[in-house]
Amino acid sequence: MKSSRVDHVGSLLRPEGLKATFLRHAAGEADAGVLRTAQDEAIRAVIAAQERHGLPVVTDGEFRRLNWQVSFSEVEGWDLWAGSWRNFLQNPENRAAHERPLSKGDDAVVSFRAPATARLRLVRSFPLEEYRFARGVATRPVKVTLMGPDRVAQMCDLERSRAIYPDADAFLADVVRIQRDMVAELVHAGCEYVQLDEPSYTGYVDPPTLARMRASGEDPMRRLDRAIAADNAVIAGLGARTTFGVHICRGNRASMWHREGTYDAIAERLFTGLAFDRLLLEYDTERAGGFEPLRFVPRGKVVVLGLITTKTGRVETADELARRIDEAARFVPLDQLALSPQCGFASGIAGNLLTEDEQWRKLDVMLETARKVWQ
């Protein structure tokens, strides 16, 4: 699994019936049992579909989540989710923002922030529950995704958390402690593949984000080093039986992106510093830059090239994907490369602006390309 030639980031387009049930539940028109039943049925169907299409590793499509960030939801002391997502689902203006056309996103739409109200404590592991159900359904290895600690830390309103956490380092330390417990539980349960999602890394090359960091008195490279150390601490010593991946993108909601900037300025620090088996890197547009930074990837790591876009319905061809893989192989050996979509198909419940048929055709061409390039 560590050397698998294909991958997908985790989320898949939710069926319309499941989305409708989420909305009914948010409006108080369907109880938790009704929602759970709808989720169970949809997950069984999407895992069966992934296996029919020939994917070597499957996910539950993140069908129990309103948003990819919900992986860190069952935590006392930080009430990020209680009002934000219920308001998001019920407010027509928020739903309209979720579905706006392809454009660069803005902070108001892309993220919510909340203060810590007490020291963080894990109540229950949402990803562990996801894994146990998926493992009971799937006949192939299962991947589970978690929001990475640096992204979690960016969602805390630290100014209003000073009574609990004096600084960002203290808050991040508790996030790491909790996420390490979550990952250890997944490993002990037999989870074959754990992925941390860290779109925050592209903030260290995005000019507006860098400007905000510097204006607040922060050193971006110190923050980057702290983020790498946090991700490594979450998985340290746990990887004997489990594949660990980290996914890096520039934002993904309703076919929007959030950040811009190439990997060049942080590549050596990032690719040599991360102690992960697989680096899933967005590479579907010119925003990511060229493949030259891949020269810093050490032997033993697999670069999963996110060449297939999830933001539009145009289905790539095997020939064009193979050409781009050949270009990347000038900088890192072909046996260290793999292929995937650049991000999830539905990081939020509404999903990106393409159809389920286009989604599956993209995954099919990914498999076709892998056979062409590596077999």
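What you are looking at is a predicted structure, and each value in this text was computed from that prediction instead of being measured.

Here we take up the sheet that holds strand β5 (residues 243-248). Within the open sheet, the 6 strands sit side by side as β3-β4-β5-β6-β7-β8. Their pairing is parallel. Two strands lie at the open edges of the sheet, namely β3 (143-147) and β8 (337-341), each paired on one side alone. Strand after strand, the sheet turns through a mean of 25° between neighbouring axes, direction not considered. As paired elements, strand β6 (residues 278-282) and strand β7 (residues 302-308) share 5 bridges and run parallel to each other. When the sheet's bridge partners are listed, R278 is paired in β7 with V302. Packing of helix α12 (residues 318-328) onto the sheet brings it into contact with β7 and β8, and relative to β7 it is tilted by some 145°.

Taking 1.5 Å per residue, 12 residues should reach 16 Å; helix α6 (residues 126-137) reaches 17 Å between its end C-alpha atoms and fits that length. Buried residues of α6: F126, P127, L128, E130, Y131, F133 and A134, and no others. The elements touched by buried residues of α6 are α2 (32-53), β3 and α8 (168-188). The N-cap residue of α6 is S125: its side-chain oxygen and the backbone nitrogen of L128 are 3.2 Å apart.

This part takes up helix α1 (residues 16-26). Taken as a whole, α1 has its buried residues at L18, K19, T21, F22 and A26. All buried residues of α1 lie within an arc of 160° about the axis, which places them on one face of the element. Downstream of α1 by one or two residues, G28 has phi in the positive range, about 80°.

Further remarks concern unusual backbone geometry. The backbone phi angle of E62 is positive, close to 60°, even though this residue is not glycine. Within the secondary structure, E62 is located in the loop between α2 and β1 (75-78). A relative accessible area of 4% means that E62 is categorised as buried.

This part takes up the pattern of salt bridges. Considering all chains together, one arrives at 25 salt bridges under this definition. Two residues, R223 and E218, come together in a salt bridge whose shortest N-O distance is 2.8 Å. Overall, R223 belongs to the buried group, its relative accessible area being 11%. With relative accessibility at 28%, the residue E218 sits in the partly exposed group. A salt bridge links E316 to K362; the nearest nitrogen and oxygen atoms lie 3.1 Å apart. In this pair, E316 is assigned in the loop between β7 and α12 and K362 in helix α13 (residues 356-374), connecting sequence segments 46 residues apart. Under the relative-accessibility criterion, E316 is labelled buried at 5%. When its relative accessible area of 0% is taken as the criterion, K362 is described as buried. By sharing partners, the salt bridges in this structure join D7, K143 and R278 into a single network.

A word on the packing of aromatic side chains. Tallied over the entire structure, the rule returns 6 aromatic pairs. Consider the rings of Y165 and F171, whose centres lie 5.3 Å apart with planes at 90°: the pair is edge-to-face. Residue Y165 is classed as buried on the basis of its relative accessible area of 2%. You can call F171 buried: its relative accessible area is 0%. Three or more aromatic residues joined by ring pairs make a cluster, and in this case those are F72, W78, Y165 and F171.

Reading the values: rules and limits
Residues numbered from 1 in each chain as written. Predicted model: local features only at pLDDT ≥ 70, side-chain atom pairs only at ≥ 80, totals over all residues. Heavy atoms only, no water. Pairing = 2+ DSSP bridges. Helix = DSSP H or I, 4+ residues; strand = E, 2+ residues; numbered from the N terminus. Axes fitted to C-alpha atoms, helices over the stretch in contact; angles between N-to-C directions. Contact = heavy atoms within 4.5 Å. Expected span 1.5 Å × (residues − 1). Buried < 20%, exposed > 50% of the residue type's maximum accessible area, 1.4 Å probe, protein only. Polar contact = N/O pair within 3.5 Å; in protein donor to acceptor, adjacent residues only side chain to side chain. Arc of directions from axis to C-beta. Salt bridge = Lys/Arg side-chain N within 4 Å of Asp/Glu carboxyl O. Phe/Tyr/Trp six-rings, centres within 6.5 Å; stacked < 30°, edge-to-face > 60°.

Spatial relationships are all this shows, so hold off on functional conclusions.
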